[in-house]
Every structure is written in C-alpha cells, then in structure tokens.
Amino acid sequence: MIRELVVEGFTVFPDKEKFEFVPGINVVVGGNDSGKSHLLKLCYSLAKWSSGGGRKSLPDKWAEELRLRNDLMRVFSSRNLSGLTALNRGNDHAGVFASMIGDGVPDRMGDIRFRFCSTEEEEGLHIDEMPKRFLNNPVVFLTAREVFAIFPSFVQLGAKFPEVLDGACWDLCRALEIPMKLSPDDVALGRVLGRIQKILSGNVIFQDGRFYLSRPGQQAMEMSLVAEGFKRLGVLDCLIRNGTVNKGSILFWDEPEMNLNSFHLPLLVKVLTGLAKAGVQVVLSSHSLFLLRELMIQLSERRNEQVPRRFFGLNVPHENRLGVRVNSGNSLEDIGPIESLEAEIEQADRYLKLV
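Residues numbered from 1 in each chain as written. Predicted model: local features only at pLDDT ≥ 70, side-chain atom pairs only at ≥ 80, totals over all residues. Heavy atoms only, no water.

J.: Lay out unusual backbone geometry with the relevant residues and their values.
T.: Unlike most non-glycine residues, arginine 108 shows phi in positive territory, near 75 degrees. Looking at where arginine 108 falls in the secondary structure, it is placed in strand β5 (residues 105-117). The phi dihedral of serine 201 is positive, around 60 degrees, even though this residue is not glycine. On the secondary structure map, serine 201 appears in the loop between α5 (187-200) and β8 (203-207). (Helix = DSSP H or I, 4+ residues; strand = E, 2+ residues; numbered from the N terminus.)

In structure tokens form, the structure reads like this:
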C-alpha cells in the first residue's frame, strides 16, 4: 500500500501538503480543478514504479530516474516535466516524498524522495532517496477513459510503441490480457464479484479478441455498446477474475460514480467496502454528494466498523485560486466545507422551500 505522500510545488500544490493513507478506503473529495485526478495519477505512478523493480537487486539510480520520469510523463500525458510543476502558481521546483509498504517491504524500506525543476528538463528528475526494497503488489488505475472500445488497437499499437500511449490506459489493457477464471479463489472477493455482476446483470467474457457482456437469456453484447456507467465495473469484473485485483493490491478509481444512476450507488459502496475487507487498498476520488453520504452511512454500520477510512478534502480558496489546501480526517465533517458539495446542499434547501 501507499502509506504516506508529501508534495510541494507539484501541479496544483504549490505549498507542502501531506497525505497519510490507510489500508482500507481513502476518499479524495473536491470540485473541478482541485487536483483530485492529479493526486490519484501521482500516487498511481509512484505505486506502479515501486512495484516494477527487481526485488533481488536494485538497478542503477540513473536508470530508475529515467524510468520514473517516463512513467510520470506517460500517466499525465505531459510532454515534459515542467508541466508537472506549480509554475503558474509561482513555484518552478517540485519535490515529492512517498512511503510504500507491502509484502516483504517493512516500514521505511520502500521510501522514495525525488525532485525536478521546470528549468532543468535536460537533466530531468533527481532521486535523492532510493527505496531499499521494491514492492511486488499489483497496482490498478480505473481511469475515466473507457478502455474496452480501444483495447484491440491499444494492444496492437502498444506492442510496438508503448511510449506514445496513455500510460494508465496501456497498463489497464495489458492487465486485461490476463486470462480470466469464472470466479476468484478468495471468498471475500467472490462476494465483491457477485455485487458487481448484480449491477451488470451478467458477467464479462472475452472472445475473438473482444470483450462482451453476457446476460442470462440474452445474446452477448459487445462491451463498447454497453451503458457507459457499467463499463468500468466490467473492467473491475475482469481484473478480479484474472487475479490482478486481489489481497495486497492497490486500486485507484477516479470518480467511480461516473455515469451510474443513484439507484446503483448503494451497491457500488458495498463493492468498495468489500474490496477493503478483502485486503485491497482503495483510493478513490469523488464529488458526488450522494455517493459520499452513502459511503458514510455504510461505514457507520457495525459490519464495516473495522474498515479503515480516510477522507481528504481539496479546497481552492476563493480569494486566491493559486493553490489547493488539504484537510483530512476520518469523516466528511473533518475535511471542512467543499465548494461543490455545498452547492448541492444549498440547492436542496432551496428546492425544499419551493415545494
């Protein structure tokens, strides 16, 4: 899991901000332009990099600097590192510290500290503290981009030119190539899979290089034709059944409520809490008041009282929109008012007065 992250001068975070993650459910809350996706992409890049090295011998530092630099630019689809500094917020130097722990990697043995500057693109990224151990845990990022439709072309193009593709989508397509079983060996993940398939009213199958949604009594439908809200759940269905998402893995999920009816969100929250109980670290972003309230309701229930939870509120001050401020805590009340959520609450109040 990712245990701790400290950023300074990175994209929308010009000042030093610290994030302490828990093994269960981590929720990043904020409106548009608050840096939710940037935070998830950075965490994913670091977790992926930390799980991609050899466990027996550490490569030369210069090679790891190049690999991390390339990973960041591919995941962020950035032409250079200068675009990842808070340059338009008055900071041209970026510094990042991350602490990773996992199977065989004790506390502080997976720490990394690095920096880069917008004026030193040729020299690139500098690692000041290398991990003493690399992780061996699967890392998944469910992006907002739909991957089932692009899967065939991505696989063909990525085999020759992986450097030109969106890094997170390419990683997802590679994970989808792993053969699936009917159900996972883990009982807790089996329950999660059942909830996903209840929302989908079926399960995903792979035939002739394409994915289909198979529903009882119906002809299989290409996943590219399935309702938008179901597609990422279909991806998760595949990744659980092929073992990519399992105990000890990290799942990053950007706005899981996207394109889903509110009717499905209570069951979606059960999917999230079930993943946490199965030993998957979940890091998600959201600005859906319905989803966040449902999450708080279910986390307060006795059956979920042992699920670790952490909320991070990303706030952009009205008086100075040049930087994001971070509040954190174990509930929504701890992270202070969020502009986008307050707008929904205010509208609800006005509507109740109307009726």
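J.: A description of the environment of aspartate 237 should follow, citing residues and the corresponding values.
T.: Tracing the backbone through its elements, the reader meets aspartate 237 in helix α6 (residues 228-241). Exposure remark for aspartate 237: the relative accessible area of 0% places this residue in the buried category. C-alpha of aspartate 237 to C-alpha of alanine 86: the two residues are 151 residues apart in sequence and 37 Å apart in space. Among residues more than four places away in sequence, those in contact with aspartate 237 are Leu193, Ile196, Gln197, Asn203 and Val204. (Buried < 20%, exposed > 50% of the residue type's maximum accessible area, 1.4 Å probe, protein only. Contact = heavy atoms within 4.5 Å.)

J.: Go over the sheet that holds strand β4 (residues 93-102) with me, naming the residues and quoting the values.
T.: With respect to topology, 5 strands assemble into an open sheet ordered β2-β1-β4-β5-β6, the strand pairing being antiparallel. Of all the strands in the sheet, the pair left with one neighbour each is β2 (17-20) and β6 (126-129). Strand after strand, the sheet turns through a mean of 15 degrees between neighbouring axes, direction not considered. Judged from the 3 bridges that link them, β5 and β6 form a sheet pairing that is antiparallel. Bridged to phenylalanine 114 within β6 is isoleucine 127. (Pairing = 2+ DSSP bridges. Axes fitted to C-alpha atoms, helices over the stretch in contact; angles between N-to-C directions.)

J.: With reference to specific residues and values, describe the nonpolar core.
T.: Ranked by size, the top nonpolar core spans 64 residues in total, and within it Leu236 and Leu275 carry the most contacts. A per-element tally of this core places helix α7 (residues 265-277) first, with 8 residues. Every residue in contact with leucine 275, bar those within four places of it in the chain, is listed here: Leu189, Val192, Leu236, Ile240, Val245, Leu251, Val280 and Val282. Counting 48 residues, the second-largest nonpolar core is a separate cluster that includes Phe19, Val28, Leu46 and Val139. (Core = buried A, V, L, I, M, F, W, Y, C linked by side-chain atoms within 4.5 Å.)

J.: Account for the environment of glutamate 339, with residues named and values stated.
T.: With respect to the secondary-structure elements, glutamate 339 resides in helix α9 (residues 339-354). Along the backbone, glutamate 339 and aspartate 186 are 153 residues apart, and their C-alpha atoms lie at a distance of 40 Å.

J.: How would you explain the pairing of β5 if you had to name every residue and give the values?
T.: Side-chain positions along a regular strand alternate between the two faces of the sheet. Where β4 and β5 come together, 9 bridges link them in antiparallel fashion. Across the sheet, residue glycine 95 finds its bridge partner in β5, namely arginine 115. The loop that links β4 with its antiparallel partner β5 comprises 2 residues; one of these, glycine 104, has a positive phi angle of about 80 degrees.

J.: Hey, could you go over helix α1 (residues 36-50) for me, with residue numbers and the actual values?
T.: Between its terminal C-alpha atoms α1 stretches 21 Å, which fits the 21 Å expected from 15 residues at 1.5 Å a residue. In terms of burial, α1 is largely enclosed, as 11 of its 15 residues are buried. (Expected span 1.5 Å × (residues − 1).)

J.: Got a sec to walk through the pattern of salt bridges? Specific residues and values, please.
T.: Tallied over the full model, the rule gives 17 salt bridges. When the shortest N-O distance is used, the salt bridge between lysine 231 and glutamate 146 registers 3.7 Å. Pair noted here: lysine 231 is in helix α6 and glutamate 146 is in the loop between β7 (139-142) and α3 (151-160), with a separation of 85 residues, a long-range link. Like lysine 231, the residue glutamate 146 is buried in the burial classification. Where salt bridges share partners, they join Arg3, Glu4, Lys18, Glu20, Asp107, Arg108 and Asp111 into one cluster. (Salt bridge = Lys/Arg side-chain N within 4 Å of Asp/Glu carboxyl O.)

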